[in-house]
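Survey of secondary and tertiary structure
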Amino acid sequence: MNSTRHIVVVDTETNGLDPRRHQAVEVAWWNLTTNERGMFIPTHNVSEVLANADVKALQINRYVDRIADQVPSVDSHERGKFAQQLDGCTLAGSNPAFDAAMVEKLLRPRHTLQINGKPVTTWRQPWHHRMLDLSNYAAGMLALNDLPGLAKVCELLDVDPGDHTAEADVTATGECFNKLFARAASERELTVAELS
Ligand SMILES: [Mg+2]
């Protein structure tokens with residue numbers, strides 16, 4: 001993909017599927033344009049996460065075994081780096097609308113500023129409004145009839161789907177994108193060669 005915007009693949013592990021009730025408990029990102037990567041556990045209240053959880057979500061991401069006892073008391077450095085990556089980027093993922101909603105919940109300040117007694121919104125969505133969904137992109141590139149999930153795209157492109165950590169999901173998603181971008185580039189070259 002030849003874009004002036006950086007493409008940043010994001011995956012969040014959460015304690016459920018509803019951004020209004022649930023929250024991100026692990027975040028990973030991979031800037032496919034610069035190849036920089038990062039992963040962090042956002043500071044959160046473990047009891048709250050457990051109390052509000054959809055048990056199935058915690059089973060899939062193995063929250064209790066992997067995350068619950070690793071929660072940092074401060075995450076501002078990693079969080080700041082992440083926010084910087086998102087500025088002006090094309091946010092990419094496997095169903096990135098879900099991760100975008102979870103990231104918005106994570107980064108948006110909880111308290112609205114009051115200036116002269118009026119609420120002022122200080123937060124704006126840092127990423128570009130058009131997002132890049134692996135499911136749609138793969139369906140187009142591979143001429144599929146259905147919108148595939150990440151596991152299906154991995155199978156079709158011979159990419160290791162990993163073990164459901166945020167980092168593994170980002171790796172699998174990014175590798176699928178890179179394979180599809182390479183395929184698109186060679187198809188474009190063929191088209192140019194045919195035309196000349
Ligand atoms: Mg994931």
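The structure reproduced in this document is the subject of the present report. As the structure is a prediction and not an experimental result, all values here were calculated from the model.

Here we take up the overall build of the protein. On a plain count of helices and strands, the protein comes out with eight helices and seven strands. Each principal axis of the C-alpha distribution contributes one length, and for the protein these read about 65 × 45 × 30 Å. Classification of the 196 residues of the protein by burial places 42% in the buried group. A separation of at least 24 residues holds for 66% of the contacts in the protein among residues at least 6 apart in sequence. Working note: accessible area of the protein is about 11,200 Å², and carbon and sulfur atoms make up 50% of it. When the 19 positive and 26 negative side-chain charges of the protein are each reduced to one mean point, those points stand 8 Å apart.

A separate point is the layout of surface pockets. Estimated volume of the largest pocket: approximately 610 Å³. Along the walls of the largest pocket sit 25 residues, with D11, E13, I60, H164 and D169 positioned nearest its centre. Of all the elements in the fold, those that place two or more residues in the lining of the largest pocket are β1 (7–14), α2 (55–61), α5 (96–107) and α7 (150–157). Of the residues that constitute the lining of the largest pocket, the class distribution is eight nonpolar, 10 polar and seven charged.

Bringing the coordination of the magnesium ion into the picture now. Perfect tetrahedral coordination of a metal by four donors corresponds to 109.5 degrees between them, and perfect octahedral coordination by six donors corresponds to 90 or 180 degrees. Around the magnesium ion, the protein supplies D11 (OD), E13 (OE) and D169 (OD) as donor atoms, at distances of 2.0 to 2.3 Å. Between the donor residues of the magnesium ion, the gaps in sequence give the motif D-x1-E-x155-D. With a gap of 158 residues between them, D11 in strand β1 and D169 in helix α8 (residues 166–195) connect regions that are remote in the sequence. Of the two residues examined, D11 and D169, each falls in the buried class.

In this section: the pattern of salt bridges. Across all of its chains, the model carries eight salt bridges by this definition. The partner of D75 in a salt bridge is R79, with the nearest N and O atoms 3.0 Å apart. Look at the salt bridges and you will find they share partners, linking D18, R20 and R21 into a network.

As a further point, take the packing of helix α4 (residues 76–86) against α5. Look at α4 against α5: their axes get within 12 Å of each other, and the N-to-C directions meet at 130 degrees. Regarding the angle of α4 to α5, the classification is oblique. In this structure, α4 meets α5 at a crossing whose hand is left-handed. Note on element contacts: α5 touches α4 through V103, L106 and L107, opposite R79, F82, A83 and L86.

Pairing is mixed across the open sheet formed by five strands, whose spatial order is β3-β2-β1-β4-β7. The open sheet is flanked by β3 (37–40) and β7 (132–133), the only strands paired with a single partner. Its contacts with the sheet put α4 on β1, β2 (24–31), β3 and β4 (90–93), and the angle it makes with β2 is roughly 50 degrees.

What follows deals with unusual backbone geometry. Here the phi dihedral of N35 falls at roughly 70 degrees; this positive angle occurs in a residue that is not glycine. Mapping N35 onto the fold places it in the loop between β2 and β3. Classification of N35 by relative accessible area gives exposed; the value is 52%. Backbone geometry at D158 places phi at a positive 60 degrees, although glycine is not the residue there. Positionally, D158 belongs in the loop between α7 and α8.

Criteria and cut-off values
- Residues numbered from 1 in each chain as written.
- Predicted model: local features only at pLDDT ≥ 70, side-chain atom pairs only at ≥ 80, totals over all residues.
- Heavy atoms only, no water.
- Helix = DSSP H or I, 4+ residues; strand = E, 2+ residues; numbered from the N terminus.
- Buried < 20%, exposed > 50% of the residue type's maximum accessible area, 1.4 Å probe, protein only.
- Contact = heavy atoms within 4.5 Å.
- Areas by Shrake-Rupley, 256 points an atom, 1.4 Å probe, with all protein chains shown as cover.
- Lys, Arg positive; Asp, Glu negative; His and termini not counted.
- Charge placed at Lys NZ, Arg CZ, Asp CG, Glu CD.
- 1 Å grid on protein atoms, 1.4 Å probe; cavity = no way out; pocket = protein on both sides within 12 Å on 5 of 7 lines; lining within 4 Å.
- Points joined across faces, edges and corners; volume = space filled by probe spheres on them.
- Nonpolar A, V, L, I, M, F, W, Y, C, P; charged D, E, K, R; others polar.
- Donors = N, O, S within 2.8 Å, 3.2 Å for Na, K, Ca; no water.
- Salt bridge = Lys/Arg side-chain N within 4 Å of Asp/Glu carboxyl O.
- Axes fitted to C-alpha atoms, helices over the stretch in contact; angles between N-to-C directions.
- Parallel < 35°, antiparallel > 145°, perpendicular 65-115°, else oblique.
- Left-handed = near helix turned anticlockwise from the far one by under 90°.
- Pairing = 2+ DSSP bridges.

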